[in-house]
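Examination of the molecular architecture
Residues per chain are reported as follows:
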Amino acid sequence: MSLAKLTDPTFHAVAVRGMFLFAALTACALTFLSAPYGRHARSGWGPTFDPRIGWLVMESPSVLLWGTLFLATMPSWSLTGLVLLSLWMFHYGYRAFVYPFRMRVKPGDRMPVVIAALAVGFNSLNAIVNAPMASGGVRPWTNAWMLDPRFLVGVAMFVAGTAINRWADAKLRALRKPGESGYRIPTGGLYEWITCPNYFGECLVWTGWAVATWSTAGVAFAVYTAANLVPRALQNHAWYRSQFPDYPIGRRAILPWIL
Ligand code: NDP
């Protein structure tokens with residue numbers, strides 16, 4: 001594939017449609033089955049490996065391929081593009097290269113290779129869609145965009161979502177001592193309202209990205225994230241209810257009072 005193709009608006013629009021299709025297929029699949037990793041891990045999904053390697057492998061295209069495509073399609077340096085690059089790398093640099101090494105993995109826990117392979121496929125498509133958009137290759141940025149209310153509100157949502165996501169993941173991490181394998185009921189803060197504040201934060205991050213970039217590429221990723229994480233949140237919520245008879249009755253799955 002040539003670099004010129006990546007910034008061609010017709011090709012880009014087709015790739016964005018591909019992401020919406022990926023989101024629809026993901027939502028349909030996750031309505032009928034849970035992705036077999038973490039608490040929903042089970043046998044019958046082929047070869048497996050250490051989940052830390054899984055997270056490293058599946059998230060690294062979002063840094064390495066994404067960064068390469070950003071630089072390769074960037075028409076010239078712009079402050080707006082630089083801010084978007086920094087936000088993306090702040091999120092994915094952590095997710096790919098820090099998060100896996102902080103996880104409290106259960107002894108003997110495994111992740112199916114097929115899950116990581118699917119994620120690598122999606123993250124590669126996401127790089128093809130979002131990197132040339134963020135670099136200004138598909139539609140050039142002006143520095144004035146940084147003062148537009150959509151950019152400012154979107155960045156604020158991204159930052160707030162990141163803070164919630166990291167806080168919520170840290171809270172879960174603290175529930176399990178190194179070498180332990182059990183689950184406990186998380187409490188405090190947003191956990192009093194919802195089961196999965198980490199997924200809520202993640203959805204807020206990518207909705208903020210869509211608003212800040214005001215792009216179909218951003219919307220496609222925000223829709224995909226919700227298609228992936230809302231069914232997972234409902235499954236996690238049902239799992240807690242089945243495992244803990246004293247699970248707080250008023251807690252919802254991902255949206256306070258609503259869902
Ligand atoms: P989970 O909440 O299922 O698990 C996060 C970590 O906490 C795992 O190590 C898990 O262990 C542990 N954990 C969870 N609940 C408990 C508990 N009650 N007691 C003790 N330990 C617990 O999140 P995911 O693994 O699904 O996702 C991890 C991160 O990746 C999240 O921040 C999420 O937002 C993000 N993500 C983003 C996606 C996207 O589409 N953008 C897709 C998927 C994830 P164990 O693995 O043993 O269950």
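Presented here is an overview of the structure given in this document. Please read all numbers here as calculations on a predicted model, not as lab measurements.

All right, on to the pattern of salt bridges then. Inspection of every chain in the model, using the stated rule, returns six salt bridges. Salt-bridge contacts for Arg95 lead to Glu202; the nearest nitrogen and oxygen are separated by 3.1 Å. Of this pair, Arg95 sits in helix H5 (residues 79–97) while Glu202 sits in helix H9 (residues 197–213); the two residues are 107 residues apart in sequence, bridging distant segments of the chain. Per residue, the accessibility class of Arg95 equals that of Glu202, and both read buried. We note a salt bridge from Asp109 to Lys106, for which the minimum N-O separation is 3.7 Å. Across the pair, exposure class does not vary: Asp109 and Lys106 are buried alike. By sharing partners, the salt bridges in this structure join Arg95, Asp169 and Glu202 into a single network.

Neighbouring the ligand are 23 residues; Tyr37, Lys106, Asp169, Tyr183 and Tyr199 lie closest to it. Tyr199 places a side-chain nitrogen or oxygen 2.5 Å from an oxygen atom of the ligand. Protein burial of the ligand: of its 890 Å² of free accessible surface, 93% is covered by the chains. Where the shell around the ligand is concerned, the elements lending two or more residues are helix H8 (149–173), H9 and helix H10 (216–243).

Taking 1.5 Å as the rise per residue, helix H7 (residues 113–134) with 22 residues should run 32 Å; its terminal C-alpha atoms sit 30 Å apart, in good agreement. The largest bend along H7 measures about 30 degrees and falls at Ala127.

Before going further, it helps to spend a moment on the side chain of Thr73. Examined against the element boundaries, Thr73 turns out to sit in helix H4 (residues 64–73). The exposure class assigned to Thr73 is buried, which follows from its relative accessible area of 7%. Separated by 2.7 Å, the side chain of Thr73 and the backbone oxygen of Leu69 make a polar contact. The contacts of Thr73, once residues within four sequence positions are left out, are Leu3, Leu6, Thr7, Ala131, Pro132, Ser135 and Gly137.

Attention shifts here to the packing of H8 against H9. Relative orientation of the contacting elements H8 and H9 amounts to 160 degrees, with a least axis distance of 7 Å. The angle between the axes of H8 and H9 places the two elements in the roughly antiparallel class. Seen along the crossing, H8 lies across H9 with a hand that is left-handed.

About the thresholds
Each chain has its residues counted from 1, running along the sequence as written. With pLDDT at 70 or above as the cut-off, local features in this predicted model cover only qualifying residues; side-chain atom pairs require 80 or more to be listed or tallied, and sums for whole chains, interfaces and linings still use all residues. For side-chain calculations, the full set of non-hydrogen atoms in the structure is used, while hydrogens and water are omitted. Salt bridge, as used here, is a side-chain nitrogen of Lys or Arg placed within 4 Å of a carboxyl oxygen of Asp or Glu. To qualify as a helix, a DSSP run of H or I must reach at least 4 residues; to qualify as a strand, a run of E must reach at least 2; elements of each kind are numbered from the N terminus. Buried residues are those whose accessible area, probed at 1.4 Å on protein chains only, stays under 20% of the maximum for their type, while exposed residues exceed 50% and partly exposed ones sit between those limits. Being near a molecule or strand, for a residue, comes down to having at least one heavy atom within 4 Å of it. Two N or O atoms count as a polar contact when they lie within 3.5 Å, although within protein this holds only if one can serve as hydrogen donor and the other as acceptor, and sequence-adjacent residues are included solely when both atoms are side-chain atoms. Surface accessibility follows the Shrake-Rupley procedure with a 1.4 Å probe radius. Residue values consider only the protein chains on display as shielding. Each helix should span, by expectation, one fewer than its residue count multiplied by 1.5 Å. Axes are fitted to the seven residues ending at a residue and to the seven starting at it; the angle between these axes is taken as the bend at that residue. Note on contacts: a residue pair qualifies if any of its non-hydrogen atoms lie within 4.5 Å across the two residues. The axes are straight lines fitted to the C-alpha atoms, using for helices just the contacting stretch, and the angles between their N-to-C directions are given from 0 to 180°. Our angle categories are set so that under 35 degrees counts as roughly parallel, over 145 as roughly antiparallel, 65 to 115 as roughly perpendicular, and the remainder as oblique. In this scheme the crossing of two helices becomes right-handed for a clockwise turn of the near helix relative to the far one and left-handed for an anticlockwise turn of less than a right angle.

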